[in-house]
Amino acid sequence: MAPDGHLGDFGRGLRSHIFGNLPFFMLVEILRSALGMEIVQRLLVASIFVGAGLGAFFSLPFRDTLPRLAGSLFCAFNLFVLQRLLAGHILILLAYALVTPTIFLFVGRNRRARAAATALLAVMGILSVQFFMMTIAFLFLLATFEAINAKSRAPLLRAVVHSSLAIGINLFWIIPHLITGTALDSINEADLHVFAPRDDLGIGAPTSVVVLGGFWRAGWHHPFADWPAQALLAGIVGLLVAGVTSQARDKFPLRPYQLGLAWGCVAILAIGAASPATRPLAKVLFTYVPFYEGFRDSQKIAALLVPLYALFLGRGVTALLRLAENLRGVRAKNSMAMALVFLVGAYGAVNIVALHGQLQPTEYPESWKALEKSGRLREGRTLVLPWHLYQEFDWVQGMNHRVATPTQWFLTGDIVQGDNIEIGPIYSQSRSGFSTYIEAVLAEPNATRLGNMLSVVGIDKVMLLRTWDSGTYSAFLDRQQDLRQSHETDDFTLYENNAPASREYLVDRILEVNDVRDVARLSDCLDLWKFAIVIREGASASCETHSSALIPAGVTGVGPPADKTFGPDLHGYLVLSLGQEIESRWWEHSSGHAVDGVANNLVVPIDGSTRVRYVGFAELYLPSYALSAIVFGVGLALHIRQSRRDLETGPPV
């Protein structure tokens, strides 16, 4: 894992789904500068186990140490954590580590504990929007049960206030996320089946989910493949049964049947499309409940089973210790305690052993490090090939060595890489016109001037990675007349684009084409960077029509201007190549006649004095951050004020 290499581009109209994680990436960047990335990776992995374990230990509603220890070990070491960790889901697991303490600090606790739960919930929003949403929903479910028992609306009102405060602190990414559109628009029903939980334990998909397995991703080895581990799991299940059937004497205010209902709701949602019994409900929720399609990987919801299991497990330990003491006295109780410590400890140990040899800090190739250190990609825009979202690298841990292409995370610069998912029946879910253009020009088998076509979108370098599919791309790139091989290593080949390429340039003529295939056809006879290319239905462009009328125009600048004024002596069209994740609507221009060009380009007529500026940061992101800061400040002030009152009037209730 590495932090985002181009945080400096913040405020350039990037789709906002990454901005929730921005504070985390900034923290990782600071730690990486001080400690090195290998140490940071180890710290992040350790934080998952330590955070999940300590959070549960200090929040579980048990007076005795052993029940809390049993529950906390289960929270830290279980199949859900193991599978996600081997898949590299660091952010997801850091959010998971906060789920159990958030729930147990909120339900049935005093004001200070609820304030701590609110803080954890707000941090969860920074780490994972899915865990943020599902934890809020789960808190409302438990608050409803608590309100029924207390015959009071107070628990529900508290849930509204504290969840609203956590949402308010996360407005810095929620507002842009809602205004600019979300990636959920590209998710369809096929996702429910592609990402449905699997039968990875040989006990059926629903049962696998219930015991925290069922992860759809192959390529990992789980500890329950052997009979000794399954025997340990049976012992843990026995403790859970004892906890469910025992008379509860802890401080948790919910009744056994209510906990059973909560367990059933979570289990049904987590199983999702994996079972014919739960699939219809999953489809209904996917179709009609806003944002529910974000849970296409429904097994993530199984994380909410963990706090329930931790509670049942602690109760089971308490019940067995009490039973042993009543039947045989204190000595039998001590013997039972030792046996339980061994059982729960062995369960955690098996999970740790299963990680041996499979979990190591990612060591990027020396050639990647040298390229990053040289800064060759920091200016201009670089296209990374092969054009796949997922690639297989020999230096990546795991059985299939497959990860999402990491160049945008590791290399500093404007990096363009494939975003088509290519899993099962899903080929691509990209909504980017920029990506559509790149994929279309790469699909032209007879193209010989790829650099000419790439110049339209400001790409001046091409980086070909050595992966399973690089051979086909290598032959294609080597026959391009306007690409020059400038650097080659065992891990990648770097090409320079001989055609002028810039993300901002001024031309004097619009070239109207019918579709992207016309662009590829005309690339053999026209210098495309001399035109503002616009797709209009029915347009018919030809080499003869334009070859005699061409007037060369200079290429200016290396990036989109934040605020730029063109004097009255300039006329023509300003072309802004906005990139994969940038939207044209956040650019303001005084001409009033701008149009969207090919490949997500913005074409602005320059006639007289024209001003072009980016307004997204000032009008969207900056106010959102200000609102988050205000909500945080108000919440902190109220908490401090209440704490001072508590010192005068006594402890909170």
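Calculation rules
- Residues numbered from 1 in each chain as written.
- Predicted model: local features only at pLDDT ≥ 70, side-chain atom pairs only at ≥ 80, totals over all residues.
- Heavy atoms only, no water.
- Helix = DSSP H or I, 4+ residues; strand = E, 2+ residues; numbered from the N terminus.
- Buried < 20%, exposed > 50% of the residue type's maximum accessible area, 1.4 Å probe, protein only.
- Contact = heavy atoms within 4.5 Å.
- Areas by Shrake-Rupley, 256 points an atom, 1.4 Å probe, with all protein chains shown as cover.
- Core = buried A, V, L, I, M, F, W, Y, C linked by side-chain atoms within 4.5 Å.
- Patch = residues over 30% accessible without salt bridge, like charges linked within 9 Å, V, L, I, M, F, W, Y side chains within 5 Å.
- Salt bridge = Lys/Arg side-chain N within 4 Å of Asp/Glu carboxyl O.
- Phe/Tyr/Trp six-rings, centres within 6.5 Å; stacked < 30°, edge-to-face > 60°.
- Lys NZ or Arg CZ within 6 Å of the ring centre and 35° of its normal.
- Axes fitted to C-alpha atoms, helices over the stretch in contact; angles between N-to-C directions.
- Parallel < 35°, antiparallel > 145°, perpendicular 65-115°, else oblique.
- Left-handed = near helix turned anticlockwise from the far one by under 90°.
- Nonpolar A, V, L, I, M, F, W, Y, C, P; charged D, E, K, R; others polar.
- Pairing = 2+ DSSP bridges.
- pLDDT = per-residue confidence, 0-100.
- Expected span 1.5 Å × (residues − 1).

Further remarks concern the overall build of the protein chain. Counting secondary structure elements, the protein chain contains 24 helices and 16 strands. Here the protein chain, with 653 residues, has 54% of them falling under the buried criterion. Sequence separation of at least 24 residues holds for 74% of the intrachain contacts in the protein chain that already meet a minimum separation of 6. For the protein chain, the computed accessible surface area is about 28,400 Å², with 60% contributed by carbon and sulfur atoms.

Along the chain, Ser-208 turns up in helix 11 (residues 205-210). Taking relative accessible area as the criterion, Ser-208 reaches 0% and is therefore assigned buried. For Ser-208, the residues in contact, after removing those within four places along its chain, are Arg-198, Asp-199, Asp-200, Leu-201, Ile-203, Gly-213 and Gly-214.

Let us now look at the nonpolar core. Among the nonpolar cores identified, the biggest contains 99 residues, and Phe-24, Tyr-96, Phe-131 and Leu-212 are the most heavily contacted of them. Each residue touching Tyr-96, except ones within four places of it in the same chain, is listed here: Ala-52, Cys-75, Asn-78, Phe-80, Val-81, Phe-131, Ala-303 and Val-306. Core analysis: the second largest hydrophobic core is formed by 42 residues, Leu-385, Tyr-437, Ile-438 and Met-453 among them.

Before going further, it helps to spend a moment on a nonpolar patch on the surface. Taken together, the side chains of Leu-27, Leu-31, Leu-35, Ile-39 and Leu-43 define a hydrophobic patch exposed on the protein surface, amounting to about 400 Å² of accessible area. Elements supplying a minimum of two residues to the nonpolar patch: helix 1 (22-35) and helix 2 (37-59). The dominant element in the nonpolar patch, judged by the number of residues it contributes, is helix 1, at three residues. In this fold, Leu-27 is placed in helix 1. On the accessibility criterion, Leu-27 (46% relative accessible area) is partly exposed.

Inspection of the entire model under this criterion finds 17 aromatic pairs. Between Trp-368 and Trp-395, the ring centres sit 5.3 Å apart and the planes meet at 70°, which makes this aromatic pair edge-to-face. One end of the pair, Trp-368, is in helix 17 (residues 366-374); the other, Trp-395, is in the loop between strand 2 (390-392) and strand 3 (402-404), with 27 residues separating them in the sequence. Summarising the burial analysis for this pair, Trp-368 and Trp-395 share the class buried. Three or more aromatic residues joined by ring pairs form one cluster here, namely Tyr-364, Trp-368, Phe-393, Trp-395 and Phe-410. It is Arg-68 that lies over the ring of Phe-57; its NZ or CZ is 4.4 Å from the centre.

Now for the environment of Ser-47. Relative to the helices and strands, Ser-47 is located in helix 2. In this structure the C-alpha to C-alpha distance between Ser-47 and Ala-97, which are 50 residues apart in sequence, comes to 8.5 Å. Filtering out sequence-adjacent residues up to four positions away, Ser-47 remains in contact with Ala-52 and Leu-94.

On to the side chain of Glu-372, then. Residue placement: Glu-372 occurs in helix 17. Beyond its immediate chain neighbours, meaning those up to four positions away, Glu-372 contacts Arg-378, Phe-410, Leu-411 and Thr-412.

A word on the environment of Asn-514. Tracing the backbone shows Asn-514 in the loop between strand 9 (510-513) and helix 22 (516-522). Along the chain, Asn-514 and Ile-535 lie 21 residues apart, while their C-alpha atoms are 5.5 Å from each other. Sequence-distant contacts of Asn-514, that is, excluding residues within four places in its chain, are made with Ile-535, Arg-536, Glu-537, Gly-538 and Ala-539.

Next up on the list: the packing of helix 5 (residues 90-106) against helix 6 (residues 111-127). As a packed pair, helix 5 and helix 6 sit with axes 9 Å apart at the nearest point and diverge in direction by 160°. Viewed along their axes, helix 5 and helix 6 adopt a mutual orientation that is roughly antiparallel. Here helix 5 and helix 6 pass one another in a crossing that is left-handed. Contacts between helix 5 and helix 6 pair Leu-91, Leu-94, Ala-95, Leu-98, Val-99, Pro-101, Thr-102, Leu-105 and Phe-106 from the former with Ala-113, Arg-114, Ala-116, Ala-117, Leu-120, Leu-121, Val-123, Met-124 and Leu-127 from the latter. Residue classes in the contact of helix 5 with helix 6 are distributed as 16 nonpolar, one polar and one charged.

Strand order in the open sheet formed by four strands is 8-12-15-14, with antiparallel pairing between adjacent strands. With partners counted over all chains shown, the strands left at the sheet margins are strand 8 (504-507) and strand 14 (595-596), one partner each. Examined bridge by bridge, strand 14 and strand 15 (residues 601-607) share two bridges and lie antiparallel to one another. By the bridge assignment for strand 15, Val-595 is matched with Val-603.

Per the counting criterion, the structure on display carries 16 salt bridges. Across the pair Glu-512 and Arg-536 runs a salt bridge whose closest N-O atoms are separated by 2.9 Å. Placement of Glu-512 in strand 9 and of Arg-536 in the loop between strand 10 (532-535) and helix 23 (543-547) is noted, with a sequence separation of 24 residues between them. Each member of the salt-bridge network shares a partner with another, and the members are Arg-381, Asp-414 and Arg-503.

Right, let's talk about the confidence of the model for the protein chain for a bit. Should pLDDT be low for a region, the predicted coordinates there are not to be read in detail. Mean pLDDT for the protein chain: 81, with 88% of residues reaching 70 or above. Mean pLDDT values for the elements of the protein chain range from 59 in helix 23 up to 94 in helix 5. Here residues 1-17 is a poorly scored stretch, pLDDT under 50, and it has 64 contacts once near neighbours within four places are set aside; other chains count.

Okay, unusual backbone geometry next. In this chain, Leu-385 is followed by Pro-386 through a cis amide linkage whose omega measures 5°. Checked against the element boundaries, Pro-386 lands in the loop between strand 1 (381-385) and strand 2. Non-glycine residue Phe-291 carries a positive phi angle of around 70°. Along the chain, the position of Phe-291 falls in the loop between helix 14 (279-288) and helix 15 (305-328).

Let us now look at the packing of helix 7 (residues 129-150) against helix 8 (residues 154-169). The relative placement of two packed helices is expressed as an angle between their axes plus a distance between the axes. Between helix 7 and helix 8, the shortest axis-to-axis distance is 8 Å and the interhelical angle comes to 165°. Taken together, the axis directions place helix 7 and helix 8 in an arrangement best described as roughly antiparallel. Relative to helix 8, the crossing made by helix 7 is right-handed. Judged by residue contacts, Phe-132, Ile-136, Phe-140, Ala-143, Thr-144, Glu-146 and Ala-147 of helix 7 engage Pro-155, Leu-156, Arg-158, Ala-159, Val-160, Ser-163, Ala-166 and Ile-167 from helix 8. Taken together, the residues that form the contact of helix 7 with helix 8 break down as 11 nonpolar, two polar and two charged.

What follows concerns the sheet that holds strand 4 (residues 414-416). Across the sheet, which stays open at both edges, the five strands sit in the order 4-1-5-7-6 with mixed pairing between neighbours. Strand pairing shows two members of the sheet lacking a second neighbour, strand 4 and strand 6 (483-488), which therefore form its edges. Averaged over neighbouring strand pairs, the angle between their axes works out to 25° when direction is ignored. Note: strand 1 against strand 4, three bridges, orientation parallel.

A few words on helix 13 (residues 256-271). Taking 1.5 Å per residue as the helical rise, helix 13 with its 16 residues ought to reach 22 Å, and the 22 Å between its terminal C-alpha atoms agrees with that figure. Listed in full, the buried residues belonging to helix 13 are Gln-258, Leu-259, Ala-262, Gly-264, Val-266, Ala-267, Ala-270 and Ile-271. Looking at the buried positions of helix 13, the neighbouring elements they touch are helix 7, helix 11 and helix 15. Following helix 13 by one or two positions, Gly-272 adopts a phi angle in the positive range, close to 55°.

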